[in-house]
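# Observations on the model geometry
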Amino acid sequence: MLEATSAYPQNESHPENYQSLVLLLNVFMIKKFLTGFSLALAVLLWTADEARGDYKLQPLRHNDPDLLVDLGVGLWAWPLPMDYNGNGLIDLVVVCTDVPYSGVYLFENSGETDPERGLPVFLPAKRLGDAVNNAHISYVDGEPMVTSPNRVYPDFKNSTFLDPEQIPAPAANRIHTEEGRIRANQWKFADFNGNGVLDLLVGIGFWGEYGWDDAYNDHGQWTRGPLRGYVYYLRNDGTNDE
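Residues numbered from 1 in each chain as written. Predicted model: local features only at pLDDT ≥ 70, side-chain atom pairs only at ≥ 80, totals over all residues. Heavy atoms only, no water.

### Quick word on the nonpolar core
With 14 residues, the main nonpolar core has L80, M82, V93, V95, V146, F156 and F161 as its most contacted residues. Contributions of two or more residues to this core are made by β1 (77-82), β2 (91-96) and β3 (103-107). L80 has contacts with D91, L92, V93, V95, A135, H136, I137, V146 and F156, leaving out every residue within four places of it along the chain. The next biggest cluster of nonpolar side chains, apart from the first, holds twelve residues, and it includes V152, F189, L198 and V202. (Core = buried A, V, L, I, M, F, W, Y, C linked by side-chain atoms within 4.5 Å. Buried < 20%, exposed > 50% of the residue type's maximum accessible area, 1.4 Å probe, protein only. Helix = DSSP H or I, 4+ residues; strand = E, 2+ residues; numbered from the N terminus. Contact = heavy atoms within 4.5 Å.)

Structural data, given as structure tokens:
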């Protein structure tokens, strides 16, 4: 029969062992303090640099020129697939309004396909300009049409979001009039009723009942309402030009 034994008899006192244990605990606590202090100092330095405007995040290099990595930009990234360079291949334009890569980025289609995934391989990104929120894309007669709330960008390939044209339609808070916060606000063109004239489809993410992610009580129960999404159809009673 096997029994558990200790390195020292249980009834015997060994102060040197306790001293070693206390020393180890002290070292551990010092290391924890220094780690926490280092993190706090790093945050303070980062905040100070951000305030001065001279801090720039540095990407980590893979140092493997043959490595295939996932294509990505950042938080709140809006993909706009289109043949940007006119070579017959679908490229990927990504609009991102958050850190660290806020901007408009072009990932050109290399024409190659990853044999393992069967997906196109894109070239490294080129920054085209500054971003706007809720950028979306429609396809009219086979051509891409980029929109944001109440705006369309006919010259997007040349000027990105610098030369908008107003869409004569009510703003989102007049489309969805319920009191509360509207977050997603996505606009697309489509001939919804098939009469040959472009209508508008507006997707709205409504957070009025939901609030934010901090409404759990002490029992882990959600105390507010759900997130809600709505799609509105705005019929065009004029023409595509007016």
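### Thoughts on unusual backbone geometry
A positive phi is found at N134, a non-glycine position, where the angle reads about 60°. Within the secondary structure, N134 sits in the loop between β6 (126-129) and β7 (136-140). On the basis of relative accessibility, which here comes to 10%, the residue N134 falls in the buried class. One non-glycine residue, D141, lies in the positive phi region at around 55°. By secondary structure assignment, the location of D141 is in the loop between β7 and β8 (143-148). Judged by relative accessible area, D141 falls into the exposed class, the value being 80%.

### Here's the deal with the sheet that holds strand β10 (residues 165-166)
Read across the open sheet, the four strands follow the order β7-β8-β9-β10; overall the sheet is antiparallel. Each having just a single partner strand, β7 and β10 make up the two edges of the open sheet. As defined by bridge partners, strand β9 (residues 151-153) adjoins β10 across two bridges and the pair is classed as antiparallel. Its bridge partner lying in β10, R151 is registered against Q166. (Pairing = 2+ DSSP bridges.)

### Description of the side chain of D91
By the secondary structure assignment, D91 is in strand β2. For the buried D91, no salt bridge exists, and the shortest N-O distance to an oppositely charged side chain is 7.3 Å, to K157. One polar contact links the side chain of D91 to the main-chain amide nitrogen of N85, over a distance of 3.4 Å. Ignoring sequence-local partners within four residues, the contact set of D91 consists of L80, P81, M82, D83, Y84, N85, L106, F107, E108, N109 and F122. (Lys, Arg positive; Asp, Glu negative; His and termini not counted. Salt bridge = Lys/Arg side-chain N within 4 Å of Asp/Glu carboxyl O. Polar contact = N/O pair within 3.5 Å; in protein donor to acceptor, adjacent residues only side chain to side chain.)

### Looking at the sheet that holds β2
Pairing in this open sheet of four strands is antiparallel, and the strands run β1-β2-β3-β6 from one edge to the other. The sheet terminates laterally at β1 and β6, the two strands that pair on one side only. Neighbour-to-neighbour, the strand axes of the sheet open up by a mean angle of 30°, direction not taken into account. Bridge count between β3 and β6: three bridges; the pairing is antiparallel. Looking across to β6, one finds that Y105 is bridged to R127. (Axes fitted to C-alpha atoms, helices over the stretch in contact; angles between N-to-C directions.)

### A short note on the environment of Q186
Among the secondary structure elements, Q186 is positioned in strand β11 (residues 182-190). For Q186, a relative accessible area of 24% corresponds to the partly exposed category. With 53 residues separating them in the primary sequence, Q186 and N133 have C-alpha atoms 9.2 Å apart. Look past the residues within four positions of Q186 in its chain and what remains in contact with it is W78, N134, H136, L201, V202 and G203. Within the structure, the side chain of Q186 is placed 3.3 Å from the side chain of H136, a separation counted as a polar contact.

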